[in-house]
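A structural walkthrough
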Amino acid sequence: MKAQLLAKPKSFYDIFERKGKTQPQTTHYCPGCGHGNIHKILAETLDEFGVADRTILVSPVGCSVFAYYYFDVGNIQAAHGRAPAVATGLKRANPESIVISYQGDGDLAAIGGAEIINAANRGENITVIFVNNAIYGMTGGQMAPTTLVGQRTTTSPYGRKPSNEGYPIRMCEIISTLESPVYVERTALVDFKTISRTRRAIRKAIKNQIDNKGFSFIEVLSPCPTGWKLTPVEAQRWIRDNMMSYFPVQVFKDTSEKAEPRVYEQKQYTDREVLEILGLLELEEEKEHDADFVRKFPEQILKIAGFGGQGVLTAGVILAAAAMEQDLQVSWIPSYGPEMRGGTANCSVILSNKRIGSPLATNPNVLIAMNGPSLDAFEDTVVPGGLIIVNSSIVERKVKRSDVRVMYIPLTEMASKLGLTAAANMVCIGAYLEYTKIMDYRLAFDAIRKSIKKKKYVDINLKAVEEGVRFVKENYA
């Protein structure tokens, strides 16, 4: 019996090599911390059901982030509060997997409040283990959403006051009001009885997922002796004497016996259906491509940036669409930063003859700067030998670097003379294609005709491209 109790579950690594060279057979948790108990209960449960090989543990920011040191299962770290969203994607893509979101109170009930509510409301077939120690333990003991009234923390040194910080959030009570969750229970780590209850709850939650019953949520009131500045024994008493009166230990909802197994419908779309959904059916037309052109194509990594409203995103779409028509690999990804109003909006565009690993143009070989802030922001990121196209109608300064090629083009002024200032982006496309010769500028025409929604502006945009071509021939040939 003793040997069985002390045995390390098979779902743990024999030696915690990921932890580093210091004491690789012990955990990093503080003495008396509840994570150790929960980890062991969870690992033993996975052993019991024999599902470790298909288990994925998602742990975000907090003391639990290093769970991957210990669990010999699939491990993924998520951004703060986003574990339920990551778990949703994992489960839907791999419905046979056992996906567990393991979160603390600061993570789940604060920054991740929207994620957990919506995952629960969708009834995702995942298991959430919510470790509530009423404090931000990892970062120094700040007040959490579950900090008790009157509890002193580093950010509530005089004690939490409802008039100032509101009341502690009871997550089980909130989640159990939703229709979709099948099992919601709060347990604690106070003594043998409550620890045994926690074991039964976690076991039931995992079993529910194995049986495809739906969303299960287990909240565990867990000691944090270091954060609370108590001994481990005092911390267990503190849970019993303080937390359990506000956070009652009980089953809040359990419909798992009656719940029918959930079935996800994974529709497989044909290429034609995808094009139809995207409104790109015209691209389905079979065309002969120039294999030699594709083979010799020099990869273009573009950053196109400017004010919101200058058409920088549209310029990227046009270039990507034109290149795709030539059987090239393309990517386009916009960036809507907080600086968009009055600052820069930008997009990354990659045109290549091989598969694209990342769509981000971190170090572009072409920068199109439609305004001054864009040149300031991205000039230093261009690779040596790269090309910078500057809208000299707006940008007052010159490029500081001497190891790049530069074209100064009065894009806005040229477009204004055509009668459409917003066509400055098309002037730039013409200039870029004519200068680099990566493809005939006329190949952009079809993309413009398909992309411009207000057809009355198609002709003037085509003219703008030709103006850019003319400018380069006259000034940079």
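Shown above is the structure to which this text applies.
A look at the sheet that holds strand S13 (residues 405-409)
Strand order across the open sheet formed by six strands is S9-S10-S8-S11-S12-S13, with mixed pairing between neighbours. Strands at the two margins of the open sheet, each flanked by one partner only, are strand S9 (329-335) and S13. Looking at each pair of strands side by side, their axes are set apart by 15° on average, direction ignored. Direction of pairing for S9 relative to strand S10 (residues 345-352): antiparallel, over a ladder of seven bridges. Residue pairing across strands places Ser331 opposite Ile350, the latter belonging to S10. Sitting on the sheet, helix H16 (residues 424-436) is in contact with strand S8 (300-306), strand S11 (366-369), strand S12 (387-391) and S13, with an inclination near 150° to S12.

Section: the packing of aromatic side chains
Counted according to the given criterion, the structure contains 16 aromatic pairs. Pairing Phe66 with Tyr69 gives two aromatic rings, centres 4.8 Å apart and planes at 15°, and the pair type is stacked. You can call Phe66 partly exposed: its relative accessible area is 25%. Classification of Tyr69 as buried rests on a relative accessible area of 12%. Summarising the aromatic geometry, the rings of Phe215 and Phe217 are spaced 6.5 Å apart at their centres and angled 15° between planes, so their arrangement reads as stacked.

Brief notes about the packing of helix H17 (residues 443-451) against helix H18 (residues 458-475)
Remark: H17 packs on H18, axes separated minimally by 10 Å, with the N-to-C direction vectors making an angle of 150°. Our classification of the angle between H17 and H18 gives roughly antiparallel. In the crossing of H17 with H18, the sense of the turn from one axis to the other is right-handed. Every residue of H18 that contacts H17 at Phe445, Ile448 and Arg449 is listed here: Val458, Asn461, Leu462, Val465 and Glu466. In the contact of H17 with H18, the residues fall into five nonpolar, one polar and two charged.

Quick look at the sheet that holds strand S6 (residues 216-221)
Strand order in this open sheet of seven strands is S2-S1-S3-S4-S6-S5-S7, and the pairing throughout is mixed. The open sheet has two free edges, formed respectively by strand S2 (74-77) and strand S7 (251-254), since each of these has just one partner strand. Going across the sheet, the axis of each strand differs from the next one's by a mean of 20°, ignoring polarity. By the bridge criterion, three bridges tie strand S5 (residues 183-188) to S7 in an arrangement that is antiparallel. Pairing of Val184 across the sheet is with Lys253, part of S7.

How each quantity is defined
Residues numbered from 1 in each chain as written. Predicted model: local features only at pLDDT ≥ 70, side-chain atom pairs only at ≥ 80, totals over all residues. Heavy atoms only, no water. Pairing = 2+ DSSP bridges. Helix = DSSP H or I, 4+ residues; strand = E, 2+ residues; numbered from the N terminus. Axes fitted to C-alpha atoms, helices over the stretch in contact; angles between N-to-C directions. Contact = heavy atoms within 4.5 Å. Phe/Tyr/Trp six-rings, centres within 6.5 Å; stacked < 30°, edge-to-face > 60°. Buried < 20%, exposed > 50% of the residue type's maximum accessible area, 1.4 Å probe, protein only. Parallel < 35°, antiparallel > 145°, perpendicular 65-115°, else oblique. Left-handed = near helix turned anticlockwise from the far one by under 90°. Nonpolar A, V, L, I, M, F, W, Y, C, P; charged D, E, K, R; others polar.

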